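Spelled out, the chains give:
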Amino acid sequence: MSTQEIVTRLAAALQKLEQGQAKAAAAAQDYDEARTLVADALKGGTAGPLLGLIEQLRTSAQQASRPGAAIERVRETIQKAHGLGDF
């Protein structure tokens, strides 16, 4: 396999990781909206447990939206591969 093929595959993997990161960020925003809607709908009721669950889901999505070690490692590997040339 040539260096260019390796870089192409790594770039595709990086793109998928970045897409997942963007989707997680969008999900976190959706949870914010859901939390507001639930709070408004259940004013005076017992929204606490449901709001707590929504907050947990939002926090998880928010954490997933942060650039992770995997993305950084793929970027570093792509840079290293560019420096190798064909082998």
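Just above sits the structure.
Residues numbered from 1 in each chain as written. Predicted model: local features only at pLDDT ≥ 70, side-chain atom pairs only at ≥ 80, totals over all residues. Heavy atoms only, no water.

### Considerations on helix α2 (residues 48-64)
Argument step 1. The terminal C-alpha atoms of α2 lie 24 Å apart, and with 17 residues this matches the ideal 24 Å at 1.5 Å per residue to within 8%.
Argument step 2. The secondary structure elements touched by the buried residues of α2 are α1 (3-41). (Helix = DSSP H or I, 4+ residues; strand = E, 2+ residues; numbered from the N terminus. Expected span 1.5 Å × (residues − 1). Contact = heavy atoms within 4.5 Å.)

### Some points on the packing of α1 against helix α3 (residues 69-84)
Argument step 1. Running from N to C, α1 and α3 cross one another at 160°; their axes reach a closest spacing of 9 Å. The angle between α1 and α3 places the two elements in the roughly antiparallel class. As α1 runs across α3, the sense of the crossing is left-handed. Every residue of α3 that contacts α1 at Thr3, Val7, Leu10, Ala11, Leu14, Leu17, Glu18 and Gln21 is listed here: Ala70, Ile71, Val74, Arg75, Thr77, Ile78, Ala81 and His82. (Axes fitted to C-alpha atoms, helices over the stretch in contact; angles between N-to-C directions. Parallel < 35°, antiparallel > 145°, perpendicular 65-115°, else oblique. Left-handed = near helix turned anticlockwise from the far one by under 90°.)

### Section: the pattern of salt bridges
Argument step 1. One pass over the structure, following the stated rule, counts 7 salt bridges.
Argument step 2. Measuring nitrogen to oxygen at the nearest pair gives 3.1 Å for the salt bridge that ties Asp32 to Arg35. Placement of both Asp32 and Arg35 in helix α1 is noted, with a separation of 3 residues, approximately one turn of the helix.
Argument step 3. Owing to a relative accessible area of 27%, Arg35 belongs among the partly exposed residues under this scheme.
Argument step 4. Under the relative-accessibility criterion, Asp32 is labelled partly exposed at 29%. (Salt bridge = Lys/Arg side-chain N within 4 Å of Asp/Glu carboxyl O. Buried < 20%, exposed > 50% of the residue type's maximum accessible area, 1.4 Å probe, protein only.)

### Quick look at a nonpolar patch on the surface
Argument step 1. There is a patch of nonpolar side chains on the surface, built from Leu42, Leu50, Leu53 and Leu57 and spanning about 310 Å² of accessible area.
Argument step 2. Mapped onto the secondary structure, Leu53 falls in helix α2. (Patch = residues over 30% accessible without salt bridge, like charges linked within 9 Å, V, L, I, M, F, W, Y side chains within 5 Å. Areas by Shrake-Rupley, 256 points an atom, 1.4 Å probe, with all protein chains shown as cover.)

### As for the side chain of Ser65
Argument step 1. Assignment of secondary structure puts Ser65 in the loop between α2 and α3.
Argument step 2. Under the relative-accessibility criterion, Ser65 is labelled buried at 17%.
Argument step 3. Beyond its immediate stretch of four places on either side in the chain, Ser65 contacts Gln21, Ala24 and Ala25.

### Let's talk about the nonpolar core
Argument step 1. Among the nonpolar cores identified, the biggest contains 7 residues, and these are Val7, Leu10, Leu14, Ile71, Val74, Ile78 and Ala81.
Argument step 2. Here this core takes 4 residues from α3, the largest share from any one element.
Argument step 3. Leave out the neighbours within four places in its chain, and Val74 touches Leu10, Leu14 and Leu17. (Core = buried A, V, L, I, M, F, W, Y, C linked by side-chain atoms within 4.5 Å.)

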